[in-house]
Each structure stands twice: as structure tokens, then as C-alpha cells.
Amino acid sequence: KGEEIASDADVKEKPANTSADLFAVDSTLSTNFTLRSYMVGQSSMSRAYGGKSIYAKRRISFMNTGITSLYKTAYNIVSGNQIKYEIDEKKLNNYEDKSSLYCVDILVKPEEKDSLLMILQQKLNAVLPVKARIEYQTIPVYVITNNGFSLSLSNKETSYGFSGKGYEGTAVTITNFANDYLSNELSLPVVDETKLNEKYDIKTVVEMRTQAEIFKSIAALGLRIEKQERLMPMLVLYK
């Protein structure tokens, strides 16, 4: 009818250029730490640099990421069950509130690459409005053990991905498989006690995204999974 209407719908943001280095880090820099607020047009994501990158194993970037996720990565926490809040959890993890999202980039010297996460912990605690510490607590977990595992060793470049249909990893460890996939899919942290420390090509197939199907896919690899209790690091978020 040509009449004006009122709407509270969000307008979709125009995607930004994701091929450029948004933190302007180049090969002449040996170290860098950048903290920015929400960046329009960017998805929430993180990137670890490996392989043949000049920043291999000494740089991590985060785009539009919440404080909880930043600290989870920095302290290598694999499950939401390992997080304790001494502040309002809902406000902290509200991704609709763009003022609570940050873009972070850290690059350390080549000789410091083994301390990348420790340095990230220090930097985040120094600049973010929420702080973090580690406490230890005995909690329920799933433990995976060797039950006839016989996959061949792999010397390829490490990569992995997963969805509701399963996991596919190239040159990954059982600990990678447990931390990156199983601890994300199951209700509890998953602890690797297989004593299998080499890298393998691991693939699972899940017909339905249920715990029973995931357990079945684990058994097909020659692994056993059981619910037990273990002393685990707990990420405590506070002000």
C-alpha cells in the first residue's frame, strides 16, 4: 500500500574481506599482541597457525569471540563441565551482545613457541574485564582405553574436522581425538588413557548424533570408553 512499517529485525552485516590479515601482522614482526572490540562482518572463529606457515605454532588469532572461549583455549580446557563461574554466566556468554565479543591476535618469538598458551593466559588476564585461574577438582569424566586399536601410523600433515556424521582426522593423536571431538560431542570431558602417543588417520561414522552411536563408533576403532572420576583442571572465571 506504500505505507511505512516498523520492524525490529536485524540487518545482515556485509561480510568483510576474510582473505586479508585483519591484524596487519607481517613477516617482519617477531612478536605481537592485539586486542580489538567486535569487528563488523566477521564470523566468530579462531585460527591456529601450523604446517608451513611462517607463524607455525607461535600464533593464534580469534575473531568476535567471547571471553569464556578465549580463556578455554588459553588454558587448554576441553569441556564446558570444566568451567566454574563466579560471575553472571548468562551475561558473559551472550553472543547477541556484541560488546562482549573480542578480536585477539598473539604472536610470540620462535624461541617462545612452546610457551604460546602460557603467554596468552598472562595477556588475557592483564587486559580483559574478567579474570581466570585454575583449580583442581575430582569430577565425572569419560575415560578411553586401548581395546585392540590397530590403525597404522601416519606421517602426513595434521588436519581434522567433524560434524554430526562423525570425525575425520589426518595425523592426529588419540588425545587430539578425545579433546577436539569427543569432549565436544559428549556430556563430560574425555580423558585419554590409551598410552597411544603416535599420530594416526582416524575416521568415525555416526548414523545418528546420539551418545549410543558415538560410543559405537569409538568401539569400532578398538577403543573402550567408560564413565569414571578423575582429578581435572577447572577454569574459574571471576572479577
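Everything here concerns the structure above.
Description of unusual backbone geometry
Stage number 1. Look at K57: it is not a glycine, yet its phi comes out positive at around 65 degrees.
Stage number 2. Here K57 lies in the loop between β2 (45-48) and β3 (59-66).
Stage number 3. Take K57: its relative accessible area is 61%, and that puts it in the exposed class.
Stage number 4. The phi torsion at K195 lies on the positive side, around 65 degrees, for a residue other than glycine.
Stage number 5. You can see K195 is positioned in the loop between β9 (190-192) and β10 (200-203).
Stage number 6. By relative accessible area, K195 is classed as exposed at 76%.

Thoughts on the sheet that holds strand β7 (residues 159-163)
Stage number 1. Taking strand neighbours across the sheet as the criterion, the three strands line up as β7-β8-β10 in an open arrangement whose pairing is antiparallel. In the strand order of this sheet, the two ends are held by β7 and β10, each with one partner. For this sheet, the mean angle separating the axes of adjacent strands, direction not counted, is 5 degrees.
Stage number 2. Bridging between strand β8 (residues 166-172) and β10 involves three bridges; their strand directions are antiparallel. From the neighbouring strand, E168 faces β10, where its bridge partner is K203.
Stage number 3. Sheet contacts for helix α4 (residues 174-185): β7, β8 and β10; angle to β7, the most-contacted strand, approximately 25 degrees.

A few points about the sheet that holds β2
Stage number 1. Sheet architecture is open: four strands sit in the order β1-β5-β3-β2, paired in antiparallel fashion. At either end of the open sheet lies a strand with only one pairing partner, and these are β1 (32-37) and β2. Neighbour-to-neighbour, the strand axes of the sheet open up by a mean angle of 5 degrees, direction not taken into account.
Stage number 2. Sheet topology places β3 next to strand β5 (residues 101-107); six bridges connect them, and they run antiparallel. Following the sheet pairing, T65 is matched in β5 by Y102.
Stage number 3. Strands in contact with helix α1 (residues 67-74) are β3 and β5; relative to β3, the strand with the most contacts, it is inclined by about 155 degrees.
Stage number 4. Against the sheet, helix α3 (residues 116-127) contacts β1, β3 and β5, and its axis sits at roughly 140 degrees relative to β5.

Here's the deal with the nonpolar core
Stage number 1. Judged by nonpolar contacts, the single largest core of 23 residues is most densely connected at Y71, L124, L235 and L237.
Stage number 2. Within the residue set of this core, elements represented by two or more residues are β3, α1, β5, α3 and β11 (223-238).
Stage number 3. L237 has contacts with T68, Y71, I83, K84, Y85, E86, I87, L92, V130, K131 and A132, leaving out every residue within four places of it along the chain.
Stage number 4. Judged by nonpolar contacts, the second largest core, of 22 residues, contains I202, V206, L221 and L223.

Side note on the environment of D97
Stage number 1. One can find D97 in the loop between α2 (89-92) and β5.
Stage number 2. Separated by 59 residues in the primary sequence, D97 and Y38 have C-alpha atoms spaced 9.8 Å apart.

Conventions used here
Residues numbered from 1 in each chain as written. Predicted model: local features only at pLDDT ≥ 70, side-chain atom pairs only at ≥ 80, totals over all residues. Heavy atoms only, no water. Helix = DSSP H or I, 4+ residues; strand = E, 2+ residues; numbered from the N terminus. Buried < 20%, exposed > 50% of the residue type's maximum accessible area, 1.4 Å probe, protein only. Pairing = 2+ DSSP bridges. Axes fitted to C-alpha atoms, helices over the stretch in contact; angles between N-to-C directions. Contact = heavy atoms within 4.5 Å. Core = buried A, V, L, I, M, F, W, Y, C linked by side-chain atoms within 4.5 Å.

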